[in-house]
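Inside the fold
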Amino acid sequence: MNRQITLAARPVGYPKESDFNLVEAPIPVPEDGQVLVKTLYLSVDPYMRGRMNQARSYAANVEFNEVMVGGVVAEVVESKHADFQAGDIVNAHIGWQEYGVAGGGELRKIDPGLAPISTGVGILGMPGLTAYFGLLEVGKLQDGETVFVSGAAGAVGSVVGQIAKIKGCRVVGTAGTDEKVAYILDELGFNAAFNYKNVNDYTAKLEELFPDGIDVYFDNVGGRITDAVFPNLRVKGRVAICGQISQYNLESPEVGPRFLWYLITKRARIEGFLVTEFAARHAEALVQMGEWVRDGKLKYRETIAEGGIEAAPAAFISMLKGGNIGKQLVRIAEPS
């Protein structure tokens, strides 16, 4: 049988484990052009919280009793597609379940010789691609600029800061624990960092850390930290909006200052994005990212929950509450 995690209830505030159900279904059978895969690692990501809501945003939300959406690293069990054979390791988007079928065109092969296969949904997967295109294409980063990253110890933010360092930039990050601050300073090489829970006046803190202003802000969190960026932007500054995790679990909207007039005085630009809009260039980016990982220019950390598919809800909730450093994964099975 195929064990799956489905949506049981729409969360109010932070999700609870009772918002999910563990169910069993027959293992699916691939048709011509399809591949049956076995999940090895499940990725849990902030965007999934929005897909649990009733209101539709940029993509169809998960309905009651549907399998939770998500990406996986998987092993091919049976293939009816000429490009794949049993034993191949692939990136697939089959959701929170132990087995699934996908069309061959929906899969991406993972090279186990380049890096651990878990990176296929981490630094060499969607989070890494998000960092790459969000910083370089949306943020239009130029060598030697100043960069501020919120959520800097997470799967995306930790990569953003390192790419900016590769480009010769001065990089400052913020995170929610002293351990995370130490990680981005000591292991990832950020120039400065602070624990946002220990700072009251974010505007003053950013003015202290960026006396000449911020060229590029990569926003993963939103809220008061983001509000404080706008007075500290440099002329022609850019803001790339990747996520707003501080807002996802609020039971009522957070009231903040109105900052758009700073975009006039700073002649700045703010732009949100989805990594899927760069799908045609993912392969190109992964070649470069793979080189940086192999050469030791990009480091990463993974927080891996054990216990199989039933551990996914708790791992997801922990990630939303900041319990991870780097990429949050759930180990589902070992390769054959």
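In this convention, every chain numbers its residues from 1, walking through the sequence in written order. Only residues with pLDDT of 70 or above have their local features reported here, since the model is predicted, and side-chain atom pairs are shown and tallied only from 80 upward, although totals for entire chains, interfaces and linings are computed over all residues. Side-chain numbers come from the whole structure's heavy atoms, not from hydrogens or water.

1. Comments concerning the overall build of the protein chain
Secondary structure elements follow DSSP: runs of H or I no shorter than four residues count as helices, runs of E no shorter than two count as strands, and numbering proceeds from the N terminus. Scanning the protein chain from N- to C-terminus turns up nine helices and 15 strands. Taking 20 Å as the expected radius of gyration for a compact globule of 336 residues, we find that the protein chain reaches 20 Å, a close match to that expectation. Each principal axis of the C-alpha distribution contributes one length, and for the protein chain these read about 60 × 45 × 35 Å. The buried label applies to any residue whose accessible area, calculated with a 1.4 Å probe on protein chains only, is under 20% of its type's maximum; exposed applies above 50%, and partly exposed to all values in between. Evaluated residue by residue, the protein chain yields a buried proportion of 54% over its 336 residues. Our radius of gyration is a C-alpha quantity, and the globule rule it is checked against amounts to 2.2 Å times the number of residues to the power 0.38.

2. Looking at unusual backbone geometry
Positive phi values are uncommon outside glycine, yet Asn65 reaches one of about 70 degrees. Mapping Asn65 onto the fold places it in the loop between helix H1 (47-51) and strand S4 (72-79). Judged by its relative accessible area of 60%, Asn65 falls in the exposed class. Here the phi dihedral of Arg267 falls at roughly 50 degrees; this positive angle occurs in a residue that is not glycine.

3. Considering empty space enclosed by the protein
The distinction between a cavity and a pocket rests on a 1 Å grid over the protein atoms alone: a 1.4 Å probe fits inside a cavity but cannot get out, while a pocket stays open yet meets protein on both sides within 12 Å along at least five of seven lines, and a residue with an atom within 4 Å of a point counts as lining. Grid points are joined across faces, edges and corners, and a volume is the space filled by probe spheres set on the points. Considering all chains together, one arrives at one cavity of 30 Å³ or more under this definition. The space that makes up the largest cavity amounts to roughly 80 Å³. Forming the walls of the largest cavity are 14 residues, and the residues nearest its centre are Ile123, Ala155, Tyr300, Arg301 and Lys327. Residues are grouped as follows: Ala, Val, Leu, Ile, Met, Phe, Trp, Tyr, Cys and Pro are nonpolar; Asp, Glu, Lys and Arg are charged; all remaining types, including Gly, are polar. When grouped by side-chain class, the residues that make up the lining of the largest cavity number six nonpolar, four polar and four charged.

4. Quick notes on the state of the cysteines
By convention in this document, the label disulfide applies to cysteine sulfur atom pairs within 2.5 Å. Under the counting rule described, the total for this entry stands at zero disulfides. Looking at the unpaired Cys169, the closest cysteine sulfur is the one in Cys242, lying at 18 Å. For Cys169, a relative accessible area of 3% corresponds to the buried category. The exposure class of Cys242 is partly exposed, given its relative accessible area of 25%.

5. Thoughts on the pattern of salt bridges
By salt bridge we mean one thing: a side-chain nitrogen of Lys or Arg within 4 Å of a carboxyl oxygen of Asp or Glu. Within this structure, the stated rule accounts for 16 salt bridges. Here Glu137 ties to Arg281 by a salt bridge, and the two come within 3.2 Å at their closest N and O atoms. Of the two residues, Glu137 is situated in helix H2 (residues 126-138) and Arg281 in the loop between strand S13 (269-272) and helix H8 (282-294); the sequence distance between them amounts to 144 residues. Two residues, Glu284 and Arg281, come together in a salt bridge whose shortest N-O distance is 3.0 Å. Taking the relative accessible area as the measure of exposure, Glu284 reaches 40% and is therefore partly exposed. Beyond isolated ion pairs, a larger network of salt bridges with shared partners links Arg3, Glu98 and Glu310.

6. Let's talk about the packing of H2 against helix H3 (residues 157-166)
To get an axis, a line is fitted to the C-alpha atoms, and for a helix only the part in contact is used. The angle between two axes follows their N-to-C directions and goes from 0 to 180 degrees. Between H2 and H3, the shortest axis-to-axis distance is 8 Å and the interhelical angle comes to 50 degrees. Relative to H3, the element H2 is oriented oblique. For the element pair H2 and H3, the recorded crossing hand is right-handed. On the side of H2, the interface is formed by Gly128, Ala131, Tyr132, Leu135 and Leu136, while H3 contributes Val159, Val160, Ile163 and Ala164. Taken together, the residues of the contact of H2 with H3 sort by class into eight nonpolar, one polar and no charged. Angles below 35 degrees are treated as roughly parallel, those above 145 as roughly antiparallel, those between 65 and 115 as roughly perpendicular, and all remaining angles as oblique. By convention, the crossing between two helices is left-handed when the near helix turns anticlockwise from the far helix through less than a right angle, and right-handed when the turn is clockwise. Contact between two residues is taken to exist if any of their heavy atoms lie within 4.5 Å; hydrogens are not considered.

7. Focus on the packing of aromatic side chains
In summary, the pairing rule links any two rings of Phe, Tyr or Trp, Trp by its six-membered ring, whose centres are within 6.5 Å, and it sorts them by plane angle into stacked for under 30 degrees, edge-to-face for over 60 and tilted for everything else. Tallied over the full model, the rule gives 12 aromatic pairs. A centroid spacing of 6.3 Å and a plane angle of 10 degrees characterise the contact between Phe148 and Phe194, whose relative ring orientation is stacked. Here the residue Phe148 occupies a position in strand S8 (residues 146-150), and Phe194 occupies one in strand S10 (residues 192-195), the gap between them amounting to 46 residues. The pair Phe148 / Phe194 is uniform in exposure class, with both members buried. The interplanar angle of 70 degrees and the centroid separation of 6.2 Å between the aromatic rings of Phe218 and Phe273 together place this pair among those described as edge-to-face. In this pair, Phe218 is assigned in strand S11 (residues 214-219) and Phe273 in the loop between S13 and H8, connecting sequence segments 55 residues apart.

8. Concerning the side chain of Asn61
Within the secondary structure, Asn61 sits in the loop between H1 and S4. In protein, a polar contact requires one atom able to donate a hydrogen and another able to accept it; more generally it is a pair of N or O atoms within 3.5 Å, and residues adjacent in sequence count only if both atoms are side-chain atoms. A distance of 3.0 Å separates a polar side-chain atom of Asn61 from the backbone oxygen of Asn53. Apart from the residues lying within four places of it in its own chain, the contact partners of Asn61 are Gly50, Arg51, Asn53, Gln54, Ala55, Arg56 and Glu66.

9. Concerning the layout of surface pockets
Within this model, the second largest pocket holds a volume of roughly 220 Å³. Lining the second largest pocket are 15 residues; nearest its centre among them are Arg108, Asp111, Leu114, Leu124 and Leu286. Elements with a contribution of two residues or more to the lining of the second largest pocket: strand S7 (108-109) and H8.

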